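Residues per chain, in single letters:
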Amino acid sequence: MASFDIKKLLQSVVTHGASDLHLVSRTEPQIRLDGRLKPVNLPILTGDDIEEMCYSLITEKQKQAFEEHDELDFALLLPGIGRFRANYYRTLGDMAAAFRTIPINIPSLDDLGAPQVYKKLVKREKGLILVTGPTGSGKSTTLAAMLNEINQTEQKHVVTVEDPVEFIHQNKKCVFSHRGVGEDTKSFAIALKYAMRQDPDIILIGEMRDKETIEAALTAAETGHLVFGTLHTSSASGTINRIIDVFNGDEQPQIRAMLSASLIAVIAQSLLPKLGGGRIAASEILITNHAIANLIREDKVHQIYSQMQLGQGDTGMQTQTQALQKYLSQGIISRDVALQFANKPNELKV
């Protein structure tokens with residue numbers, strides 16, 4: 001049996017600037033660089049190799065949890081190497097693992113080249129800001145940079161509820177209470193219920209995945225808190241529909257009313273490979289104004305997109321098509337990439 005040093009492997013992931021490491025039996029270790037998987041020049045792994053490597057990183061309690069559920073999510077800090085989000089699972093009976101690198105130094109909005117309007121959004125006192133997109137689209141990084149901006153400029157208590165905790169913020173002006181689901185709290189919904197008694201100014205919800213969590217987020221946003229959340233949706237209007245559709249028909253009018261009153265912005269982003277290497281975020285940005293609030297309340301979400309095309313001006317709104325078109329004209333991305341990631345490819349002038 002081959003002997004692998006998992007810590008050396010994770011060190012090389014960080015050194016290469018890769019985002020992920022995959023360990024799956026019957027293939028060599030693979031890393032994700034600029035969005036594409038690449039095999040590492042190492043022997044093919046067996047299930048036993050993976051088990052030996054992966055068990056060396058976890059506690060006895062975590063090992064028992066994995067053997068009971070065949071799934072394990074956790075965050076891992078390796079001093080001198082880096083921080084990772086890890087998921088252990090089984091495939092065809094063998095153990096497998098995916099590691100995502102989490103930068104220890106939190107980027108600023110300027111580091112990310114984020115639109116200037118994000119700095120205005122984080123100044124709001126209350127309401128709901130959603131950052132959405134598929135897995136691996138940089139949602140956590142964008143949110144971390146937004147909280148970092150607040151941390152440098154305002155004195156607030158920030159409660160984060162995540163599964164697992166990803167970016168760890170050092171208290172600059174803010175006080176951060178990071179809560180990991182499974183370690184510090186039983187569930188998102190329970191954490192949010194009690195968060196109200198923790199005197200938070202700002203609440204970050206790692207994933208709004210069920211009705212209770214969404215309802216708690218909307219209530220918190222209405223009652224004077226600034227709430228950040230994520231969903232796996234690829235467009236701004238799709239995000240609003242997803243939230244409303246979680247509820248039964250008779251509850252939907254009330255949810256639409258709450259959303260229209262508390263939604264500040266939806267940022268739907270995807271990470272695109274740049275020409276010459278690296279990746280860049282293309283963001284569709286919806287910022288609620290009077291017209292959009294009315295459309296949400298009156299169940300006319302399908303009209304929001306055309307309102308976004310109109311509502312540019314000073315608002316900082318943009319459709320995904322406009323973001324892609326800008327990168328195309330600047331020669332940052334290729335025509336093929338623009339078409340591959342476009343929600344509405346027929347709108348692109350390529």
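Values in this document were obtained by computation on a predicted structure and should not be read as measured data. (Residues numbered from 1 in each chain as written. Predicted model: local features only at pLDDT ≥ 70, side-chain atom pairs only at ≥ 80, totals over all residues. Heavy atoms only, no water.)

Enquirer: Mind showing me how you'd approach the environment of S137 here?
Expert: Within the element layout of this structure, S137 appears in the loop between strand 7 (127-132) and helix 6 (139-153). Spatially, the C-alpha atoms of S137 and A268 are 9.3 Å apart, while their sequence positions differ by 131 residues. When neighbours within four sequence positions are excluded, S137 is seen to be in contact with Q269, S270 and L271. A distance of 2.6 Å separates a polar atom in the side chain of S137 from the backbone oxygen of P134. (Helix = DSSP H or I, 4+ residues; strand = E, 2+ residues; numbered from the N terminus. Contact = heavy atoms within 4.5 Å. Polar contact = N/O pair within 3.5 Å; in protein donor to acceptor, adjacent residues only side chain to side chain.)

Enquirer: Where do I start with the side chain of H157 in this structure?
Expert: With respect to the helices and strands, the residue H157 is situated in strand 8 (residues 157-162). Look at H157 and you get buried, because its relative accessible area is 16%. From its side chain, H157 meets the backbone oxygen of Q198 in a polar contact 3.0 Å long. Residues contacting H157, with those up to four places away along its chain left out, are V175, S177, Q198, D199, P200, D201 and I202. (Buried < 20%, exposed > 50% of the residue type's maximum accessible area, 1.4 Å probe, protein only.)

Enquirer: Can you help me understand unusual backbone geometry in this one?
Expert: Most peptide bonds take the trans form, and the phi angle of most residues other than glycine is negative. Residue P164 is bonded to the preceding D163 through a cis peptide linkage, with omega at -5°. A positive phi angle is found at L92, which is not glycine, with a value near 50°. When you line up the elements, L92 lands in the loop between strand 5 (82-91) and strand 6 (94-102). By relative accessible area, which is 74% here, L92 ends up exposed. At D299, a position not held by glycine, the phi torsion is positive, near 60°. Inspection of the secondary structure assignment puts D299 in the loop between helix 11 (290-297) and helix 12 (304-310).

Enquirer: Explanation requested: the sheet that holds strand 10 (residues 202-205) in the structure shown.
Expert: Strand pairing in a sheet relies on backbone hydrogen bonds, with the paired strands running either antiparallel or parallel. The seven strands are arranged 9-8-10-11-7-12-13 in an open sheet whose pairing can be described as mixed. Taken across any chain shown, the strands that pair with only one partner, and hence form the sheet edges, are strand 9 (175-180) and strand 13 (279-287). Geometrically, the sheet is characterised by an average inter-axis angle of 15° between neighbouring strands, direction not taken into account. Its contacts with the sheet place helix 13 (residues 320-329) against strand 12 (263-273) and strand 13, and it is angled at close to 145° to strand 13. (Pairing = 2+ DSSP bridges. Axes fitted to C-alpha atoms, helices over the stretch in contact; angles between N-to-C directions.)

Enquirer: I'm lost on the nonpolar core in this one. Help?
Expert: For soluble globular proteins, nonpolar side chains are generally found buried alongside one another. Of all hydrophobic cores here, the largest spans 63 residues; its most connected members are Y118, M146, F228, I240, L259, L286 and I304. With six residues, the single largest contributor to this core is helix 8 (residues 211-222). The contact partners of Y118, leaving out residues within four places of it in the chain, are L109, T142, M146, I267, S283 and I285. Within the second largest apolar cluster, 30 residues are counted, among which are L10, L23, I81 and A97. (Core = buried A, V, L, I, M, F, W, Y, C linked by side-chain atoms within 4.5 Å.)

Enquirer: Help me understand the packing of aromatic side chains, please; the structure alone is not making it clear to me.
Expert: What describes a pair of aromatic rings is the distance from one ring centre to the other and the angle between the planes of the rings. All told, the structure shown has three aromatic pairs when counted by the stated rule. Where F66 meets Y88, the ring centres are 6.2 Å apart and the plane angle is 90°; that geometry is what we call edge-to-face. Here F66 is found in helix 3 (residues 60-69), whereas its partner Y88 is found in strand 5, with 22 residues between them in sequence. A ring pair is formed by F74 and Y88, whose centres lie 5.1 Å apart and whose planes are at 85°; its orientation type is edge-to-face. Placement of F74 in strand 4 (residues 71-78) and of Y88 in strand 5 is noted, with a sequence separation of 14 residues between them. The exposure classification of F74 matches that of Y88, with both residues buried. Sitting over the ring of Y305, K344 keeps its end group 4.5 Å from the ring centre. (Phe/Tyr/Trp six-rings, centres within 6.5 Å; stacked < 30°, edge-to-face > 60°. Lys NZ or Arg CZ within 6 Å of the ring centre and 35° of its normal.)

Enquirer: How should the pattern of salt bridges be read in this particular structure?
Expert: For side chains bearing opposite charge, pairing can occur when the charged atoms are close. Applying the stated criterion to the full structure yields 13 salt bridges. With a shortest N-O distance of 3.2 Å, E125 and K156 are connected by a salt bridge. Here E125, found in the loop between helix 5 (117-121) and strand 7, pairs with K156, found in the loop between helix 6 and strand 8; they are 31 residues apart in sequence, far enough to count as distant. According to the relative accessible area criterion, K156 is buried, its value standing at 14%. Taking the shortest distance from any N to any O, the salt bridge between R256 and D299 comes out at 3.8 Å. Placement of R256 in helix 10 (residues 252-262) and of D299 in the loop between helix 11 and helix 12 is noted, with a sequence separation of 43 residues between them. (Salt bridge = Lys/Arg side-chain N within 4 Å of Asp/Glu carboxyl O.)

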